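Listed below are the residues making up each chain.
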Amino acid sequence: MLPDIKFLLLLFLRRLHYFIVIALAVAAVGATIAYTLPPGYTARATLLVESPQIPDDLAESTVRAGTNEVLQIIAQRIQTRANLLDIAREFDVYEGRERMSPDEIVSDMRSRIGVDLPRRRDAASFVYVTFSAQSGQLAARVTNEIVTRILEENRSLRTAVTSQTLEFFKQEVARLDQDLAEQGAKILAFKQANQGALPDSLDFRRGRQASLQERVLQMERELAGLRDRRTRLTDLYERTGEVTFDDEKLTPEEQRLQSLRNELASALVLYSEQNPRVKALQGQVEVAERIVQEQRAKRTGVSEAMSAYEIQLADLDAQMQYIVNEKTQLESELESLEASIDKTPENAIVLSTLERDYENLRVQYQQATRDLAAARTGDQIEAQSRGQRITVVEQATPPRVPTSPPRKKIAAAGVAGGIALGGAFIFLLELLNRSVRRPVDLSSKLGITPFVSVPYIRTHRERVIRRSIIFGAIGVVTLGIPIALFLVDQYYLPMDLLIERALDRTGLGALIEQLRSALN
């Protein structure tokens, strides 16, 4: 075991120059990067997300997004390409770096900006905004500009939401009002078109129908009575040649005429027509008939030639015609009522549908009106900054001490990486070397036992050349690499941008961003 350790140590000493060159090269690169990276100053501002000043149970804002959601939206809007280029141009963040493309500026600005959102809901919602720059004054100015834009974006976002909500409900109320008017017009037109067949007048029409039916039956009875009276009057006149008046309706002259006719009829039973009494009664009857006819002519306008029988027939015919005409009108009205009653169920269904749609629109209109009032209140709350708002607790001040880069850590990492790479290179070199270097290798590989082994002895010239090469390589690594990196940083591209470009081309930049996001 001890000979192996001694052999390994001797091998390490023989390869020590490789180790030194690699370790010094990596350490030189790390140290050069550590001290050529520009100093970074990070300024920080503190914001507070305040609760609504008006309780939600009294008046509620129409902005329903949560605190973290609003802050995430604002953070994304602040870090848009246009905003970042505008900030970089306004504050001349990349002075002296005219070769940077807009994509590089946007990517670098996003890496410099930090917005630390609140993570706990049961604690005060503080937001920390940071920005890193090559000078403290620039870092503070840009940080305060970002804070200003966050406040403006928050106010714009909340007022935009409330104004859009208000405008939406205004349009909705106007639309529903128009729909209500149109639906009301439809109902009015339907009622006017079906005025006599609506369900609200059905009971009245049914009562009217029953009354008319009863009236028609009564008219039929009256008409039958008049027809019977006319028949009896005609029979009486055909049998006796005269008609009998109702005493209650006869004038004194007519009553006298009737009395004289009765006496004449009685006298004819006892006496002949040549009897003086009969002739006297006939004369009296003729005189009375002339008097009655003159009175009737004056009273009714009927000519003297019209007899009492004809007058009664005319009166009965006029009454019957009147009843027939009125009955015809009533039957026509009954037909209309029956048609309207039969049509009422269909109209009731259509009207019920129209009124149901009108009621639904009315409910929607009332709800939209209430929502419009709430939207107006929410808009006033946000317009007067009475809702949830973001206030500045502490403005960003210029830092006195650079916060980046961690030069000592980068240099230490370079030294540690150089040592690790140097050791790994020696280990790999010896692992791949299969040549015979010890007597034990002769025995194990060739199966022979040597009597003596003579090492390779370099000449003085070979030793000088070898040492010159080693020291030259060490000198080149120690001085050349830092000088080359310094010249690249000063005359080609700043070291930080050069590193970012190298990471982007190798794909390590995306991997680092993913790891950073996972850790956050």
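Notes on the structure in this doc start here. (Residues numbered from 1 in each chain as written. Predicted model: local features only at pLDDT ≥ 70, side-chain atom pairs only at ≥ 80, totals over all residues. Heavy atoms only, no water.)

## Considerations on the pattern of salt bridges
Applying the stated criterion across every chain, the model contains 15 salt bridges. Glutamate 90 is the salt-bridge partner of arginine 149, the closest N and O atoms lying 3.7 Å from each other. One end of the pair, arginine 149, is in helix α6 (residues 136–193); the other, glutamate 90, is in helix α4 (residues 81–91), with 59 residues separating them in the sequence. Among the residues examined, glutamate 90 registers a relative accessible area of 47% and is labelled partly exposed. In this structure, lysine 327 engages glutamate 331 in a salt bridge whose closest nitrogen and oxygen atoms are separated by 3.9 Å. Linking lysine 327 with glutamate 331, this pair stays in helix α10 (residues 308–383), spanning four residues, or about one helical turn. Exposure remark for lysine 327: the relative accessible area of 17% places this residue in the buried category. (Salt bridge = Lys/Arg side-chain N within 4 Å of Asp/Glu carboxyl O. Helix = DSSP H or I, 4+ residues; strand = E, 2+ residues; numbered from the N terminus. Buried < 20%, exposed > 50% of the residue type's maximum accessible area, 1.4 Å probe, protein only.)

## Structural notes on the pairing of strand β1 (residues 41–50)
Of the strand pairs in this sheet, β1 and strand β3 (residues 126–133) are connected by eight bridges, and their pairing is antiparallel. From the neighbouring strand, threonine 46 faces β3, where its bridge partner is tyrosine 128. Here β1 runs beside strand β4 (residues 389–394); their pairing, made up of five bridges, is antiparallel. The residue bridging leucine 48 from the neighbouring strand is threonine 391, located in β4. (Pairing = 2+ DSSP bridges.)

## Structural notes on the environment of threonine 80
Structurally, the position occupied by threonine 80 is in the loop between α3 (67–78) and α4. Through-space distance from the C-alpha of threonine 80 to that of valine 106 is 8.5 Å; in sequence the pair is 26 residues apart. Among the polar contacts listed, one links the side chain of threonine 80 to the backbone oxygen of arginine 77, at a separation of 3.1 Å. Within the structure, the side chain of threonine 80 is placed 3.1 Å from the side chain of asparagine 83, a separation counted as a polar contact. (Polar contact = N/O pair within 3.5 Å; in protein donor to acceptor, adjacent residues only side chain to side chain.)

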